[in-house]
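What follows is the residue order along each chain.
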Amino acid sequence: MVNLTGKTEIVNADEKNLRKAAEIIKNGGLVVFPTETGYGLGANALDKNAVKKIYEAKGRPHDNPLIVHVSNPEDIYKYAEVTEIADKIIKKFIPAPLTLVLKKKGSELNAACKLDTVAIRVPANNTARKLIELAGAPIAAPSANLSGKPSPTNAEHIIKDLNGKVNMIICGENCEIGLESTVISFNPDESINILRSGSITREMLCEFKIRELRAPTERPVSPGIKYTHYSPDAPLYILSGSDEKIMDFVKEEAMNKKTGFLCFDENLKYPEDNNIIALSIGSKNNLKEQAKNLFNALNKFNVFGVDIIYSVEPARIEIGEAIYNRLIKAAGGKVINL
Ligand code: TXA
Ligand code: MG
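Please read all numbers here as calculations on a predicted model, not as lab measurements.

1. Focus: the packing of helix α1 (residues 15-26) against helix α5 (residues 126-135)
And step 1. The interhelical angle for the contact between α1 and α5, taken along N-to-C directions, is 50 degrees, at an axis separation of 8 Å. Here α1 is positioned oblique relative to α5, judged by the angle of their axes. Crossing angle aside, the handedness with which α1 passes α5 is right-handed. Here E15, L18, R19, A21, A22, I25 and K26 of α1 lie close against α5, whose contacting residues are T127, K130, L131, L134 and A135.

2. With respect to the pairing of strand β15 (residues 308-311)
And step 1. Side chains I308 and Y310 of β15 all project onto a buried face; the interleaved residues I309 and S311 project onto the opposite face, where all are buried too.
And step 2. Pairing between strand β12 (residues 236-240) and β15: 3 bridges, direction parallel. Paired with I238 across the two strands is S311, which belongs to β15.
And step 3. Here 4 bridges tie strand β13 (residues 259-263) to β15, and the two strands are oriented parallel to one another. From the neighbouring strand, T259 faces β15, where its bridge partner is I308.

3. Considerations on the pattern of salt bridges
And step 1. Applying the stated criterion to the full structure yields 16 salt bridges.
And step 2. Across the pair E9 and K20 runs a salt bridge whose closest N-O atoms are separated by 2.9 Å. One end of the pair, E9, is in strand β1 (residues 9-11); the other, K20, is in helix α1, and 11 residues separate them in sequence.
And step 3. Note that E212 is salt-bridged to R202, the shortest N-O span being 2.8 Å. Of this pair, E212 sits in the loop between β11 (192-196) and β12 while R202 sits in the loop between β11 and β12, placing them 10 residues apart in sequence.
And step 4. The exposed category is assigned to E212, whose relative accessible area is 51%.

4. Remarks on the pairing of β12
And step 1. Of all 5 residues making up β12, 4 are buried, and the element is well covered by its neighbours.
And step 2. Pairing analysis gives 3 bridges linking β12 to strand β16 (residues 335-337), with the strands arranged parallel. Looking across to β16, one finds that S240 is bridged to N337.

5. What about the environment of G164?
And step 1. Residue placement: G164 occurs in the loop between α6 (155-162) and β9 (168-170).
And step 2. Along the chain, G164 and S197 lie 33 residues apart, while their C-alpha atoms are 32 Å from each other.

6. Digging into the environment of Y310
And step 1. By the secondary structure assignment, Y310 is in strand β15.
And step 2. Overall, Y310 belongs to the buried group, its relative accessible area being 2%.
And step 3. A sequence separation of 140 residues divides Y310 from I170, and the C-alpha atoms of the two residues are 33 Å apart.
And step 4. Ignoring sequence-local partners within four residues, the contact set of Y310 consists of Y237, L239, F249, V250, E253, K257, T259, G260, F261, L262 and I336.

Cut-offs applied
Residues numbered from 1 in each chain as written. Chains lettered and ligands numbered in written order. Predicted model: local features only at pLDDT ≥ 70, side-chain atom pairs only at ≥ 80, totals over all residues. Heavy atoms only, no water. Axes fitted to C-alpha atoms, helices over the stretch in contact; angles between N-to-C directions. Helix = DSSP H or I, 4+ residues; strand = E, 2+ residues; numbered from the N terminus. Parallel < 35°, antiparallel > 145°, perpendicular 65-115°, else oblique. Left-handed = near helix turned anticlockwise from the far one by under 90°. Contact = heavy atoms within 4.5 Å. Buried < 20%, exposed > 50% of the residue type's maximum accessible area, 1.4 Å probe, protein only. Pairing = 2+ DSSP bridges. Salt bridge = Lys/Arg side-chain N within 4 Å of Asp/Glu carboxyl O.

Next comes the structure, spelled out in structure tokens:
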């Protein structure tokens, strides 16, 4: 447990609170803050002890490095060796929900465990950038969930998990994207790797040479890959098949279990069944809406206390690639072909 001098302050993102939050960061404390992707659990990246507290509060494995958040693109050059391709990408996209894994410059940063690289990003969200600026230091921040659980995009879920474990929670803002940033790394031959898909999509990066990653090896390129992720409390299965087959299957299963159904708006037209808790993530063709709602829905199933969750299958294009990636991890790879 983190030692706190007081209890967690839960505040909105006005100027006065941001100044207070910046003081907490400067003094080695923990602040949960909104970004465009989700909420982050932040500490001063230059303060080794403060960074340690993040791991304790989250229950995060100690070999899983953190993303460093800076308030402007110039700071990326201050803390990392920027390759020619990285420079092009920074100029084209950043600030954005895009994290670059680059060789670390100097030894000031404490977020990368023992790696010689740093994952660094400039959030597009104004509150996040303002907080970093006021703190006058880069902020190390993982997603503000307990390790292994769905990332939070809604303050209620954070309060449930982290109240009493952090000094301040800045809430009240909707995270417009809803899925964590795209993480990319760079190879000597000018190609890039997409280590984690996100809203900066493969399609948006297509002018750069993308080298496909092989299946995870014993030593994954991004340490976070090897841990279970996003798991709701109940087991989750992805259903692959026509709408009719999916509905028949879910209804049959719901006869003896309290069943969560993660679905599209279009699936809600089927007659209600009292044993089924159906939560839509949006219209079948609206991938952005689905991305924004996914984690919120997974977290809600925990509140409803369902026995099992079945999910429809999102289209695997554009941000749909990232939606599918989070879902298949949440499902631990379990897909039922109908
Ligand atoms: O959108 C986001 O990126 C959110 C917000 C708060 O910024 N943060 C986030 O952090 O998703 P986290 O810790 O949940 O995920 C960071 C991922 C992990 O999979 C971690 O292993 C990977 O980035 N990572 C961090 N540093 C790395 C490094 N030096 N090399 C490779 N992967 C790294
Ligand atoms: Mg995370």
